[in-house]
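# Chain and residue survey
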Amino acid sequence: MERSLLSPTRRGFLGGTGALTFALLSSGGVAVLGRQSGAQPMPDGQINAWVTITPDDRTKIMFGGAEMGQGVNTSLPMIVAEELDADWSTVSTEQVGNDLAGVYGNPAIGGILYTAGSYTVGGYFTGLRRAGAQARQILRQMAAAHWGVSAEEVTTRQGTVLHEASGQSMRYGEVASLPVLATTAGEIAEDSLKSRSEWSIIGTDVDRLDIPDKTTGATQYSIDVNLPDMVYAVQLLAPVEGETPTINSDEAARAVDGVIDVIALPNSVNVLARSFWAALAGRDVLDVTWSETSLFRSADSETELENLAAVVDDLDADSVVWEARGEEISDYSADGVITRHYTTEHVYHAQMEPLNAVASVDADGSGAEIWLGTQSQTVSVAVAAAVLGTTPDRIRLNAMQMGGGFGRRTWFARELLRDALILSRSSGRPVKLVWTREDDVKQGWLRAATVHRFDAILDNEGTLSAMRHRIAAPSTFQFVQPDRWDPDVGRDPLIMEGSETRDYDIPAFRAEHLLIPRASRLSAWRGIGWGPVCFARECFIDELAAQAGSDPVSFRRKLLANSPRGLSVFDAVVAMSDFGNAPEGKAHGIAFAGYKTGFASGVAEVSHEGGRIRVHRFWAAVDPGLVVHPQSYRSQVEGGILFGISTVLSERSSFTGGQIDQSNFYDYEPIRMYDVPDIEIRLIDSGNPPSGGGEIGVPMAAPAVANALRALTGSAPSHLPFSSGA
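Rules and cut-offs
- Residues numbered from 1 in each chain as written.
- Predicted model: local features only at pLDDT ≥ 70, side-chain atom pairs only at ≥ 80, totals over all residues.
- Heavy atoms only, no water.
- Helix = DSSP H or I, 4+ residues; strand = E, 2+ residues; numbered from the N terminus.
- Rg over C-alpha atoms; globule rule 2.2 N^0.38 Å.
- Contact = heavy atoms within 4.5 Å.
- Pairing = 2+ DSSP bridges.
- Axes fitted to C-alpha atoms, helices over the stretch in contact; angles between N-to-C directions.
- Phe/Tyr/Trp six-rings, centres within 6.5 Å; stacked < 30°, edge-to-face > 60°.
- Buried < 20%, exposed > 50% of the residue type's maximum accessible area, 1.4 Å probe, protein only.
- Lys NZ or Arg CZ within 6 Å of the ring centre and 35° of its normal.
- Right-handed = clockwise from strand over helix to strand, strands pointing away.
- Salt bridge = Lys/Arg side-chain N within 4 Å of Asp/Glu carboxyl O.
- Polar contact = N/O pair within 3.5 Å; in protein donor to acceptor, adjacent residues only side chain to side chain.
- pLDDT = per-residue confidence, 0-100.
- Parallel < 35°, antiparallel > 145°, perpendicular 65-115°, else oblique.
- Nonpolar A, V, L, I, M, F, W, Y, C, P; charged D, E, K, R; others polar.
- Disulfide = S-S within 2.5 Å.

### Focus on the overall build of the protein
Regarding its fold elements, the protein presents 18 helices and 32 strands. For the protein, the C-alpha radius of gyration of 28 Å lies close to 27 Å, the compact-globule estimate for 726 residues. With respect to the principal axes defined by its C-alpha atoms, the protein has extents near 85 × 75 × 50 Å. Expressed as a percentage of contacts within the protein between residues at least 6 apart in sequence, the contacts between residues at least 24 apart total 75%.

Here it is, written out as structure tokens:
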């Protein structure tokens, strides 16, 4: 099979530019695309990266991760630019739109285009280094051929090819102007890439490439897109999942100036209008009756929490073992077994940009161009193709900058995009479908509520010898990815990941999941399973330290004795914070809580006066392995810490009769600016491979605050948010 490499030319990626473009193959080789005759057909070898250098000495680097504020539009190109030996001042970037999973898929997520779980930098790191090195090798070959010298005699330095023996040099743009040769480069072994001592881009705080346009307002989000003949759509959505509408009358809606049409879909009534405000006005006067047959009509969050608490204490209930080490405790009701419970409630993503999608279906109904802020180009293109009954090549996706994601723009984009496409096809016009903040809150896909039961045994020396961690929760994975859910196995990483507790030296350990049917829509939330898991575990560890007659630092140091990286971050944060020596009226709390292959520890300095919890300072020591862009990484850790503190103070979604009780930021309250503490981050480079930063701040925050309250008041809350329970 042959495939043209010119699939992205609708963006003017190559056509007419005179650019030199490198097609990098999954086989490890690289080839140059010709300019004069367009792209040369290549074996279907699955390209994994593209670099384009233009004669005006500009370097464009494509990246496959989805940009939602975390900075991958800078960090991923930095990896390529380092091995390319590029002049960073000449670099621009572009996010991959269409589902070129075979081109830019993340090896860490099954080779698809999907950005979540802090997999992006680590997943792409080695492949992008090789991509840059291979492109650099071809530049050397081309310059050497032009000069009539051996490529081994040619070197590069910051966007310039050099032949020191003759004193000749050319900028990369000049090399791009040379006649294209039938040149290829073979695979570059990892051990032949630059050594860390040679790096001049990776590990530095270059300016983020997206900041200038964000500062001036030039950045385009999908909610900003305007197209000729475009109409706006708003939805009157089912108040309860699974209900369907009956339109009693749409006469008043159609009479609103600017309203074009009213269209019923299975879970919504849609008003199309020439302006967003006209569409809203039309929606407000619809006369609609909803069915009352959904099982979720009886769903109640308080009842769900009661059910979770009952199940977690039913020791005869079936469970899925997530982790087991050593011998299981034989009698959890025996004298000396320490048992505690912890609860976390539902939370909503609260991203700044409400959900929206723009779709323009082709005249034949079998293709479309779409503009969407999505965490997965692969999922979005597949959904669009399925909705239109077409093939993925007929879908042109513009993957837009996102005003926040945090898991909200992963699988949920299926439903929103589906409706935008149906409405565009029905109306014969481009459609911008926009949810209000109230729509977004009321239709939230929530982090699952959890109830945790711990049972533990301390030996005569106060050492933790056995522990069991039972987690009662519905399955998020079953809801968001039913096609991948295996009911016979029942393992849900979105709930259970982090409960392995492998860095603590506990001779006998067991973690198990008790599943109950879901009572709401569910989704991964920043920190995924690690947030609730580490809150519960680290609060329990402080309890055990007190029971052992120890202190929280000494007790954890003993547990971390066989985890050098864990002990390193733990000792670092103790020193940073001068742990235990808080100012009068305040107290310190500590937590050890990493994420996947990263390690972290946090200390919170807290006061509690007049019923108000205030976090004054927060220290964090983080070992993520190699950090590509420290500035962005620190920002991500800070953001995660604020998310974690926010779940402590106020964030909570509840529902009654299947309807979410909250509707906007006045009753669903993310952390306010006056509650943001001073935050100090120390990055510890252990020399390990890179890991992500988007999640790692979340798991340490809530337990550190809870444990500070224990030190301050003698009692730690065991229920998130703290305002909701004891």
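### Section: the sheet that holds strand β20 (residues 368-372)
Sheets are built from strands paired through backbone hydrogen bonds, the pairs being either parallel or antiparallel. Read across the open sheet, the seven strands follow the order β14-β15-β12-β22-β19-β20-β21; overall the sheet is mixed. Looking at which strands have only one partner, the edges of the open sheet turn out to be β14 (259-265) and β21 (395-399). Along the sheet, successive strands turn relative to each other by an average axial angle of 20°, direction set aside. Its contacts with the sheet put helix α7 (residues 276-284) on β12 (231-237), β14, β15 (268-273) and β22 (431-434), and the angle it makes with β12 is roughly 30°. Sitting on the sheet, helix α9 (residues 377-388) is in contact with β19 (356-361), β20 and β21, with an inclination near 145° to β21.

### Describing the packing of aromatic side chains
In the structure shown here, the tally under the stated rule is 12 aromatic pairs. Ring plane angle 75° and centroid distance 6.0 Å describe the contact between Tyr 342 and Phe 454, whose orientation is recorded as edge-to-face. Of the two residues, Tyr 342 sits in strand β18 (residues 337-344) while Phe 454 sits in strand β23 (residues 450-458), which places them 112 residues apart along the sequence. The buried category is assigned to Tyr 342, whose relative accessible area is 2%. On the basis of an interplanar angle of 40° and a centroid distance of 6.4 Å, the ring pair of Phe 535 and Phe 722 is categorised as tilted. One end of the pair, Phe 535, is in helix α14 (residues 530-547); the other, Phe 722, is in the segment after β32 (719-720), with 187 residues separating them in the sequence. On the basis of relative accessibility, which here comes to 0%, the residue Phe 535 falls in the buried class. Taking the relative accessible area as the measure of exposure, Phe 722 reaches 9% and is therefore buried. Here the aromatic residues Tyr 342, Phe 454, Phe 535, Phe 540 and Phe 722 are joined through ring pairs into a cluster of three or more. In this arrangement the basic side chain of Arg 491 is found over the ring face of Trp 322, its NZ or CZ atom lying 3.9 Å from the centre.

### Some thoughts on the pairing of β21
Each regular strand shows side chains that alternate between the opposite faces of the sheet. Counting buried residues along β21, four of its five residues qualify, which places the element largely inside the surrounding structure. Both β20 and β21 contribute to a ladder of five bridges, which runs parallel. Within β21, the residue paired with Leu 372 across the bridge is Ala 399. Note on the crossover from β20 through α9 to β21: the handedness is right-handed.

### A closer look at the sheet that holds strand β27 (residues 599-609)
Within the open sheet, the four strands sit side by side as β26-β27-β28-β31. Their pairing is mixed. At either margin of the open sheet sits one strand with a lone partner, and together these are β26 (587-592) and β31 (678-683). When the angles between neighbouring strand axes are averaged without regard to direction, this sheet yields 15°. Bridge count for strand β28 (residues 612-623) against β31 is six bridges, and the pairing is parallel. For Phe 618, the partnering residue across the bridge sits in β31 and is Ile 679. With respect to the sheet, helix α18 (residues 697-713) is in contact with β26, β27 and β28, its orientation differing from that of β27 by roughly 45°.

### Quick word on the pattern of salt bridges
Applying the stated criterion across every chain yields a total of 42 salt bridges. One salt bridge connects Lys 60 with Glu 94, and the closest N-O pair in it is separated by 3.0 Å. Taken together, the positions of Lys 60 in strand β6 (residues 59-63) and Glu 94 in strand β7 (residues 91-95) put the pair 34 residues apart, joining distant regions of the chain. A salt bridge links Arg 502 to Glu 323, with the nearest nitrogen and oxygen atoms 3.0 Å apart. One end of the pair, Arg 502, is in the loop between α13 (493-496) and β25 (508-515); the other, Glu 323, is in strand β17 (residues 320-325), and 179 residues separate them in sequence. Three or more residues are tied together by salt bridges with common partners; here these are Glu 67, Arg 208, Asp 210 and Lys 214.

### Digging into the side chain of Ser 475
Along the chain, the position of Ser 475 falls in the loop between β24 (464-473) and α12 (476-480). On the basis of relative accessible area, Ser 475 is assigned to the buried category, the value being 4%. A polar side-chain atom of Ser 475 sits 2.9 Å from the main-chain amide nitrogen of Gln 478. Here the side chain of Ser 475 touches Asp 492 through a polar contact of 2.8 Å, side chain to side chain. Once residues lying within four places of it in the same chain are set aside, the contact partners of Ser 475 are Trp 485, Asp 492, Leu 515, Ile 516 and Leu 522.

### Describing the confidence of the model for the protein
Across the protein, the average pLDDT comes to 90, with 91% of residues at or above 70. Segment residues 1-17 is flagged for pLDDT under 50; beyond a separation of four residues in sequence, or across chains, it makes 44 contacts in the model. Contacts from residues 34-48, a stretch scored under 50 in pLDDT, to residues over four places away or in other chains number 46 contacts.

### Notes on the packing of α14 against helix α15 (residues 552-559)
It is the contact of α14 with α15, at a shortest axis distance of 9 Å, that shows an interaxial angle of 110°. On the basis of the axis angle, α14 is roughly perpendicular to α15. Contact with α14, carried on its side by Glu 538, Ile 541, Asp 542, Leu 544 and Ala 545, involves Pro 552, Phe 555, Arg 556 and Leu 559 of α15 and no other residues of that element. Its residues placed into classes, the contact of α14 with α15 shows six nonpolar, no polar and three charged.

### Concerning the state of the cysteines
For the coordinates displayed, the defined rule picks out zero disulfides. Cys 534 takes part in no disulfide bond, and the closest cysteine sulfur, belonging to Cys 539, lies 11 Å away. In this structure Cys 534 comes out as buried when scored by relative accessible area, which is 0%.

### Some thoughts on unusual backbone geometry
In this structure, the amide linkage connecting Leu 720 to the following residue, Pro 721, adopts the cis form with an omega of -5°. By the element assignment, Pro 721 lies in the segment after β32. Phi is positive for Asp 229, close to 65°, though the residue is something other than glycine. Looking at where Asp 229 falls in the secondary structure, it is placed in the loop between α5 (211-216) and β12. In this model, Phe 406 sits at a positive phi of 60°, which is unusual for a non-glycine residue.

### Topic: the side chain of Thr 343
In this fold, Thr 343 is placed in strand β18. Given a relative accessible area of 14%, Thr 343 falls into the buried group. Excluding its chain neighbours within four sequence positions, the residues that come into contact with Thr 343 are Leu 305, Thr 450, Val 451, Phe 535, Ser 718, His 719 and Leu 720.

### Concerning the pairing of strand β10 (residues 168-171)
With four bridges connecting them, strand β9 (residues 160-163) and β10 associate as antiparallel partners. Pairing of Thr 160 across the sheet is with Arg 171, part of β10. Here β9 folds back onto β10, and the loop between the two strands holds four residues, one of which, Gly 167, carries a positive phi near 75°.

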